[in-house]
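Architecture and fold: a report
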Amino acid sequence: METGGKTRLVWADQAKGFGIIAVVIGHTALEYGWWGTFIYSFHMPLFFFLSGFFFSWSPDLPAAEQIRKKVRTILVPYFVFAGLSYLYFLARYHFGTPSYYEDLDVWQVFAGIFYSAGTREWMDFNLPLWFLTCLFVTEMLFMAVRGLIRHKAALTAALAVFAIAGYLDGIYNPFKLPWGIDVALTAVAFFGAGYLSKEAVRRLLARPAAVRLALGLLFLVLNIAALTERMNVNMKVHGQFYDFYFAAFCGILWCLLLSSVIRSKALEYLGRHSLILMAVHMPMLGIAGRLVGLLPFSLPSDGAEALRAALVIVMALPVIYVIHRHFPWVIGKSRKGMLLRGKRMHENEVSSPSNPTII
C-alpha cells in the first residue's frame, strides 16, 4: 500500500504477504488442524487493521469523491472477479461432481454476486470475495462515524461499542446479511484500531531489531496462549469475547513486528498483489488439487495440502503479471499510474538502498 501516494512501507507489504499466504493455507485441509486455529485467529483482522492504518480522512474532501475512489478500488475488482468466477462455477456445476452441487441452486449462487454473503449457498463461485464487499461497508461505516466523531477518545469508545455489537450479533443473529453488514460490525473495530494506532505502530517498528524480534515472539506466545477455540470472522464465530480480541491483536502485532525485522522480496511481492491472489486462489485450489493427484507418488495429507497451497501461489504469478501489466483497471488502477509508481519505487530503491523500511 502507499502512504501519501509517494512511498511504500515494506513491512506492510510483507505483513500482507504473510496474511495472504495464511488465507490460501486456511482454505486447504490444513485449516482443520492447529494451523487453522492459529491462522483464523488473526489473518482477517490483520487485513482490516492494515486497511484502517492506510485510511485517510479529511473533513474538507467531499464524501462523494471518497466513495467514488472506494467504488473504483474495491467494488470494481469485486464485480469483475465475481463475474468471471461465476462463469467458472457454471462449468463446474455442469461438468463437476454432481453430488457436490446437488444442494446448490444455480440461480441463488448467481444472486449471490449481488447479495455477497460469505456462505457456500450464496458464494460457492468464489467465497473469499466476501471480504471486498465487507471492506467497502466497513470503510463507509467508519467514514460516517469519523465524520460524526472528531475526538479520538470518543471514537475509541464508539469502536468498542461496535466490537460488542458484532460479538452479540454473532451469538444472536444466525442470518448472514448482504455485503457482510453484520461482519462489518466486528471488522470496523479492527479497521478503526489500525487508523487510531498509526503513530504508535510507527514508533513500535522504529525500535531496534532485537527489541522488535523479542516483542514479536512475546506476542506470538500470547496469541497461542489465548487460542482456546476456533474463531472465524466471516462466519461470526468469535468464541470468548476477550480471547477473540486479545488473540487477534497479539497475532496482528506479531505479524507486523516480524515483517519489520525480516526482508523478503517474495513476501513483499505477494503483499503488493494480495488482492489478486485473494480473488483467484479459491478456483485455483481445485486445479492444484488435481495436479497433486497426478503425482507418481503419494504424500502425507499435510504435505499434499501444503504443496497444493504452494502450487496455487505459483499459478497465480502469471495472472498477477498480466493484470498488473495489461489490465490494471481490474484492480482499480490506471496503466499510467502503475508505470509512474513503478518508476518512483525504483528511483527510491536506488537512492536509499540501505533503508530497510521504505522503498
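Higher on the page you've got the structure.
Described in the following lines is the structure provided in the data block. Predicted, not measured: the structure shown is a model, and the values here were computed from it.

1. Points about the layout of surface pockets
Taken as a whole, the second largest pocket holds about 240 Å³ of empty space. Along the wall of the second largest pocket there are 14 residues; nearest its centre are Phe 81, Leu 84, Ser 85, Val 280 and Pro 283. Those elements that provide at least two residues to the lining of the second largest pocket are α4 (63-95), α15 (274-293) and α16 (301-326). Taken together, the residues of the lining of the second largest pocket sort by class into twelve nonpolar, two polar and no charged.

2. A short note on the pattern of salt bridges
The full count for this structure, using the stated rule, is twelve salt bridges. Put simply, Asp 103 and Arg 120 hold a salt bridge, and the shortest N to O gap is 2.7 Å. Taken together, the residues span a long stretch of sequence, with Asp 103 in the loop between α5 (98-101) and α6 (106-115) and Arg 120 in helix α7 (residues 120-123) at a distance of 17 residues. Under the relative-accessibility criterion, Arg 120 is labelled partly exposed at 26%.

3. Some remarks on unusual backbone geometry
Of note in the backbone geometry, Ser 116 takes a positive phi value of approximately 50 degrees without being a glycine. The phi dihedral of Lys 236 is positive, around 60 degrees, even though this residue is not glycine. Secondary-structure assignment places Lys 236 in the loop between α12 (209-225) and α13 (241-261). Classification of Lys 236 as buried rests on a relative accessible area of 7%.

Reading guide: rules and limits
Residues numbered from 1 in each chain as written. Predicted model: local features only at pLDDT ≥ 70, side-chain atom pairs only at ≥ 80, totals over all residues. Heavy atoms only, no water. 1 Å grid on protein atoms, 1.4 Å probe; cavity = no way out; pocket = protein on both sides within 12 Å on 5 of 7 lines; lining within 4 Å. Points joined across faces, edges and corners; volume = space filled by probe spheres on them. Helix = DSSP H or I, 4+ residues; strand = E, 2+ residues; numbered from the N terminus. Nonpolar A, V, L, I, M, F, W, Y, C, P; charged D, E, K, R; others polar. Salt bridge = Lys/Arg side-chain N within 4 Å of Asp/Glu carboxyl O. Buried < 20%, exposed > 50% of the residue type's maximum accessible area, 1.4 Å probe, protein only.

So, to be careful, I would describe these as geometric facts and stop short of saying anything about function.
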